[in-house]
Amino acid sequence: MRNSVISLTLLILIILALVYRKPSCPETIIFPLPIDITKATSVLYPGQIRGGDFKPHGGFRFENSLPSDILVTAPIDAKVIAGARYPVNTGDIQYTFDFENDCGIRYRLGHLLTLSPKFQAIVGKFPMPTGLDSRTTQVYPPIEVKKGEIIATAVGMTRDGTS
């Protein structure tokens, strides 16, 4: 009996793997940046110490721009699978979203300040943040996003309450 349960479990896992397998990815994966790189003043590489803290993620710094000068768009077709909203020390609320495409590539866009209406509707379903809590909330069902779709119209923090 035990062997038949194990065999049945294995068969179910194989069937699930076949049904939910990711399509094969192109051999070369190239996609555009989600921002206009000409507005960036520096590239922030993963694994750096910044602000006295280790940062496992990368990003871009926009020191010569207002937050509202930076438009963030989807670099590839994908689905929003998770996100968060959280307060920062200026009193602003920032947003983060996790995306995954059909090939299984995941990416995160964060430090978003002003969202497009579609993304504002998504975060409207997230719990209100408490303290500096930035835990993500799963988006179910995942929401499709097309390459070039506007995600945010401002990034970072306001320094004087304006963006």
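Participant: Got a minute to help me understand the overall build of the protein chain in this structure?
Facilitator: The secondary structure content of the protein chain amounts to two helices and ten strands. Counting from the amino terminus, the protein chain carries its helices and strands in the arrangement α-β-β-β-β-β-β-β-β-α-β-β. Classification of the 163 residues of the protein chain by burial places 32% in the buried group. Pairs at least 24 residues apart make up 63% of the contacts formed inside the protein chain by residues separated by at least 6 positions. In the form shown here, the protein chain has an accessible surface area of approximately 10800 Å², with 59% of it arising from carbon and sulfur atoms.

Participant: Explanation requested: the nonpolar core in the structure shown.
Facilitator: For soluble globular proteins, nonpolar side chains are generally found buried alongside one another. Formed by 25 residues in total, the largest nonpolar core has its most connected members in Phe 97, Phe 99, Leu 112 and Phe 119. Sorting elements by how many residues they give to this core places strand S8 (residues 106–115) first, with four residues. Excluding residues within four positions of it along the chain, Leu 112 makes contact with Val 72, Ile 93, Gln 94, Tyr 95, Phe 97, Ile 151, Ala 152, Ala 154 and Val 155.

Participant: Hey, could you run me through the state of the cysteines in this one?
Facilitator: By definition, a disulfide links two cysteine residues through a covalent bond between their sulfur atoms. Under the criterion given, the structure shown has one disulfide. Here Cys 25 engages in a disulfide with Cys 103; their sulfurs sit 1.4 Å apart. Between Cys 25 and Cys 103, the disulfide has an S-S torsion of 135° and is therefore right-handed. One end of the pair, Cys 25, is in the loop between helix H1 (2–19) and strand S1 (42–44); the other, Cys 103, is in the loop between strand S7 (93–100) and S8, and 78 residues separate them in sequence. Overall, the relative accessible area of 16% leaves Cys 103 in the buried class.

Participant: How do you make sense of the pattern of salt bridges when you look at a structure like this?
Facilitator: Side chains that carry opposite charge are capable of pairing whenever their charged atoms lie near each other. Applying the stated criterion across every chain, the model contains five salt bridges. Close ionic contact of Arg 61 with Glu 63 constitutes a salt bridge, the shortest N to O distance being 3.6 Å. Here Asp 77 makes a salt bridge to Lys 146, at a shortest N to O gap of 4.0 Å. With Asp 77 in the loop between strand S5 (72–73) and strand S6 (78–87) and Lys 146 in the loop between strand S9 (137–145) and strand S10 (150–155), this pair connects stretches of sequence that are 69 residues apart.

Participant: How should I be thinking about a nonpolar patch on the surface in this particular structure?
Facilitator: Together, Leu 33, Ile 37, Val 43 and Tyr 45 make up an exposed nonpolar region whose accessible area comes to about 360 Å². Inspection of the secondary structure puts Tyr 45 in the loop between S1 and strand S2 (48–50).

Participant: How should the sheet that holds S6 be read in this particular structure?
Facilitator: Backbone-to-backbone hydrogen bonds pair the strands of a sheet. The strands run either parallel or antiparallel. A sheet is described by the order of its strands in space; here six strands give the open sequence S5-S10-S8-S7-S6-S9, paired in antiparallel fashion. Looking at strand neighbours, the two that pair on one side only are S5 and S9, the edges of this open sheet. As judged from the two bridges shared by S5 and S10, these two strands associate in the antiparallel manner. Counted as the bridge partner of Thr 73 is Ile 150 from S10.

Rules used throughout
- Counting restarts for each chain, with residues numbered from 1 along the sequence as it is written.
- Given that this is a predicted model, residues contribute local features only at a pLDDT of at least 70 and side-chain atom pairs are listed and counted only at 80 or more, while totals for whole chains, interfaces and linings are drawn from all residues.
- Processing note: side-chain calculations cover all non-hydrogen atoms of the structure and skip hydrogens and water entirely.
- Only DSSP runs of H or I covering at least 4 residues are called helices, and only runs of E covering at least 2 are called strands; the numbering of each starts at the N terminus.
- Buried, partly exposed and exposed residues are distinguished by accessible area as a fraction of the type maximum, computed with a 1.4 Å probe on protein chains only: under 20%, between the cut-offs, and over 50%, respectively.
- Two residues qualify as a contact provided that any one of their heavy atoms is within 4.5 Å of a heavy atom in the partner residue.
- Surface exposure here means Shrake-Rupley accessible area, sampled with a 1.4 Å probe, where a residue is shielded only by the protein chains that are shown.
- Note on terminology: a nonpolar core comprises buried Ala, Val, Leu, Ile, Met, Phe, Trp, Tyr and Cys residues joined through side-chain atoms within 4.5 Å.
- Here, the term disulfide refers to a pair of cysteine sulfur atoms separated by no more than 2.5 Å.
- A pairing counts as a salt bridge when a side-chain nitrogen of Lys or Arg comes within 4 Å of a carboxyl oxygen of Asp or Glu.
- Exposure above 30% relative accessible area and no salt bridge define the residues that can form patches, which grow by joining like charges within 9 Å and nonpolar side chains of Val, Leu, Ile, Met, Phe, Trp and Tyr within 5 Å.
- Any two strands with at least two DSSP-identified bridges between them are counted as paired.

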